[in-house]
Amino acid sequence: MNRSIKRPIELAGFSSRLARAEKQEADLSVTGKRYDTVLDDIDDQHAALVSHVGSLENQRAALDKVIDRMTARSNGGPNDGGDSSHGSIGDGDVGQVITSTTEGTDGE
């Protein structure tokens, strides 16, 4: 089938449009390659983070064990539930009482 183009002036503008479309296609190809590179880098970084999180979880578990061992037994201090020999809570006197007497001023 043979078609004839009735308006050749309209076709003259298509040359610049075709060049623009080809440039966009090249730009999209470059952008696509950059996009793939970035996604590959993200995948690599994610893999590194996964292994790093695993080691951090192991470190946290080890620290939890150390803290549990430290808090599980009494260190013999006053806060272990027993009576304290120092402090202000209790029925006994706290502190030192100083008294003074004066002699001979009143005639006593």
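Each remark here, short or long, concerns the structure printed above.
For the structure given in this document, a descriptive report is provided here. (Residues numbered from 1 in each chain as written. Predicted model: local features only at pLDDT ≥ 70, side-chain atom pairs only at ≥ 80, totals over all residues. Heavy atoms only, no water.)

As for the overall build of the protein chain
Applicable threshold: The numbering of helices and of strands both runs from the N terminus, where a helix is a DSSP run of H or I of at least 4 residues and a strand a run of E of at least 2. Think of it in three bands: residues with accessible area under 20% of the maximum for their type are buried, residues over 50% are exposed, and the middle band is partly exposed, with areas taken using a 1.4 Å probe on protein chains only.
Of the regular secondary structure elements, the protein chain holds two helices and zero strands. In the protein chain, which comprises 108 residues, the proportion classed as buried is 0%.

Focus: the packing of aromatic side chains
How we decide: The pairing test for Phe, Tyr and Trp rings, Trp by its six-membered ring, is centres within 6.5 Å, and the orientation test on the planes gives stacked under 30 degrees, edge-to-face over 60, and tilted for anything in between. A ring is considered to have a charge above it if a Lys NZ or an Arg CZ atom is located within 6 Å of its centre and within 35 degrees of its normal.
Enumeration according to the criterion identifies zero aromatic pairs in this entry. Directly above the ring of Phe 14 sits Arg 17, whose terminal nitrogen or CZ lies 5.2 Å from the centroid.

Digging into a nonpolar patch on the surface
Stated precisely, the cut-off is as follows: Put simply, a patch holds well-exposed residues, over 30% relative accessible area, that have no salt bridge, with like charges counted together within 9 Å and Val, Leu, Ile, Met, Phe, Trp or Tyr side chains within 5 Å. Here the accessible surface of atoms and residues is derived via Shrake-Rupley with a 1.4 Å probe, and residues count as covered only by protein chains that are part of the display. In what follows, salt bridge is the name for a side-chain nitrogen of Lys or Arg lying within 4 Å of a carboxyl oxygen of Asp or Glu.
A cluster of nonpolar residues, Tyr 35, Val 38, Leu 39 and Ile 42, forms a patch on the protein surface that exposes about 390 Å² of accessible area. Within the secondary structure, Leu 39 is located in helix H2 (residues 14-72). A relative accessible area of 36% means that Leu 39 is categorised as partly exposed.

Points about a negative patch on the surface
Under the convention used in this document: As used throughout, the charge tally considers Lys and Arg to be positive and Asp and Glu to be negative, leaving His and the chain termini uncounted. Charge positions come from single atoms, namely NZ of Lys, CZ of Arg, CG of Asp or CD of Glu.
A cluster of like negative charges, contributed by Asp 36, Asp 40, Asp 41, Asp 43 and Asp 44, occupies part of the molecular surface. With respect to the helices, strands and loops of the structure, Asp 36 is situated in helix H2.

This is a description of form; function is not addressed.
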